[in-house]
Amino acid sequence: MREIQFREALREAMNEEMRRDERIYLMGEEVAEYNGAYKVSQGMLEEFGPKRVIDTPISELGFAGIAVGSAMLGLKPIVEFMTFNFSLVAIDQVINNAAKMYQMSGGQFPIDIVFRGPTGAAGQLAATHSQSFENWFANTPGLKVVVPSTPMDGKGLLKAAIRDPNPVLVMESEVMYGDKGPVPESEDFVIPIGVAEIKRPGTDVTVVTFGKMVHVCLAAAEELAKDGVNVEVIDLRSVRPIDYDTVVQSVKKTNRCVFVEESWPLAGMAGELTYMIQKRAFDYLDAPVIRVTGRDTPLPYSSVFVEAFMPNPKRVIDAINSVMYRN
């Protein structure tokens with residue numbers, strides 16, 4: 001183990017897999033000459049050359065389509081969106097082509113492709129650059145969607161995504177690229193897609209989340225521990241497929257659940273998890289499941305409104321106190 005930044009962990013994953021398989025290439029805006037908008041691809045052009053690390057025009061629809069076409073011919077593209085807000089320009093390629101081509105071709109065209117880049121709010125970037133679309137893509141059969149919360153998860157999940165024969169979206173947080181954490185040195189280190197992790201064991205209440213909200217929930221759990229409340233924090237890591245078993249077993253133990261996500265409340269991941277909990281653990285619940293989400297509005301530019309919009313430890317603590325009837 002050694003401590004490295006989130007961006008370095010992602011870079012290691014791509015470097016190791018590109019050395020292993022010459023069919024893999026990286027493409028996106030500023031990934032080559034500029035070393036990546038967030039320096040995730042720093043040094044990759046020098047090692048792999050311009051045929052495998054490719055700067056694209058500002059045309060997400062165009063280069064996503066090229067990537068899908070090349071995957072149909074047996075290559076393994078990694079497509080970096082400078083932000084998943086820009087993936088909306090390419091959403092037809094992701095949802096109508098990447099996700100469906102294998103089935104529509106009767107298995108003739110496997111789409112071995114990764115779409116990756118930052119998701120969610122990253123400060124004062126205003127409404128059109130601060131959105132979380134994990135639930136949008138998770139709604140689509142044919143796609144897999146992972147959202148790492150630590151450098152270790154970033155490397156392990158990205159390597160799994162690159163090796164997976166299906167289209168996988170790796171949705172990262174821009175504000176976490178500089179975060180440091182322990183990462184195994186082994187090139188064989190891979191985290192299976194669809195396996196949640198209990199980031200903090202507990203007995204009193206289950207908090208389920210993913211992505212950068214994991215850190216918000218851990219902060220809330222540490223604060224409540226001072227009052228003797230033992231919170232279990234589960235990081236889904238993958239929102240399609242979802243590790244329902246880990247969540248349900250935890251709820252059967254704690255009898256209470258709070259779900260936390262950054263996206264808007266309507267039709268979010270919280271609704272799916274709440275449905276599955278009531279289906280498989282209804283008789284174990286001692287309180288209704290409560291969700292904590294971003295506010296139901298486009299995110300304004302003002303820093304005051306950003307703070308009011310985002311889930312934070314206080315909101316999570318209030319929700320936990322509510323399901324424990326401590327209010």
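Everything discussed here concerns the structure shown above.
Just so you know, these numbers come straight off a predicted model, no measurement behind them. (Residues numbered from 1 in each chain as written. Predicted model: local features only at pLDDT ≥ 70, side-chain atom pairs only at ≥ 80, totals over all residues. Heavy atoms only, no water.)

**Some thoughts on a negative patch on the surface**
A cluster of acidic residues, Glu30, Glu33, Glu46 and Asp55, forms a negative patch on the protein surface. Mapped onto the elements of the fold, Glu33 is located in the loop between strand 2 (24-28) and helix 2 (44-48). (Patch = residues over 30% accessible without salt bridge, like charges linked within 9 Å, V, L, I, M, F, W, Y side chains within 5 Å. Areas by Shrake-Rupley, 256 points an atom, 1.4 Å probe, with all protein chains shown as cover. Salt bridge = Lys/Arg side-chain N within 4 Å of Asp/Glu carboxyl O. Lys, Arg positive; Asp, Glu negative; His and termini not counted. Charge placed at Lys NZ, Arg CZ, Asp CG, Glu CD. Helix = DSSP H or I, 4+ residues; strand = E, 2+ residues; numbered from the N terminus.)

**Looking at the state of the cysteines**
Scanning the model with the defined rule gives zero disulfides in all. Of all cysteine sulfurs in the structure, the one in Cys257 sits closest to Cys217, which takes part in no disulfide; the separation is 10 Å. Accessibility expressed as a relative area gives 2% for Cys217, which makes it buried. (Disulfide = S-S within 2.5 Å. Buried < 20%, exposed > 50% of the residue type's maximum accessible area, 1.4 Å probe, protein only.)

**A word on the sheet that holds strand 13 (residues 257-260)**
In spatial order, the strands read 9-11-10-13-14; together these five strands make up an open sheet with mixed pairing. Each edge of the sheet is formed by a strand with only one pairing partner; in this case those strands are strand 9 (197-200) and strand 14 (290-292). Here the average twist between neighbouring strands, direction ignored, is 25°. (Pairing = 2+ DSSP bridges. Axes fitted to C-alpha atoms, helices over the stretch in contact; angles between N-to-C directions.)

**As for the pairing of strand 10 (residues 205-209)**
Consecutive side chains along a regular strand alternate between the two faces of the sheet. Taking burial as the measure, the five residues of strand 10 include five buried ones, the bulk of the element. Relative to strand 11 (residues 231-235), strand 10 is paired through five bridges, and the arrangement is parallel. By the bridge assignment, Val207 is partnered in strand 11 with Val233. Pairing of strand 10 with strand 13, which is carried by three bridges, proceeds in the parallel orientation. Paired with Thr206 across the bridge in strand 13 is Cys257.

**Looking at helix 1 (residues 6-20)**
With 15 residues, helix 1 should reach 21 Å at 1.5 Å per residue; the first-to-last C-alpha distance of 21 Å fits that figure. Along helix 1, the positions that sit buried rather than exposed are Phe6, Ala9, Leu10, Arg11, Ala13, Met14, Asn15, Glu16, Glu17 and Met18. (Expected span 1.5 Å × (residues − 1).)

**Focus: the packing of aromatic side chains**
Going through the model one piece at a time under the given rule, you end up with eight aromatic pairs. Here Tyr38 and Tyr177 contribute two aromatic rings whose centre-to-centre distance is 5.1 Å and whose plane-to-plane angle is 25°, an arrangement assigned as stacked. Of the two residues, Tyr38 sits in the loop between strand 2 and helix 2 while Tyr177 sits in the loop between strand 7 (168-173) and strand 8 (180-183), which places them 139 residues apart along the sequence. Of the residues examined, Tyr38 reaches a relative accessible area of 15% and is grouped as buried. Through pairs of rings, three or more aromatic residues link up here, namely Phe63, Phe81, Phe84, Phe115 and Phe137. (Phe/Tyr/Trp six-rings, centres within 6.5 Å; stacked < 30°, edge-to-face > 60°.)

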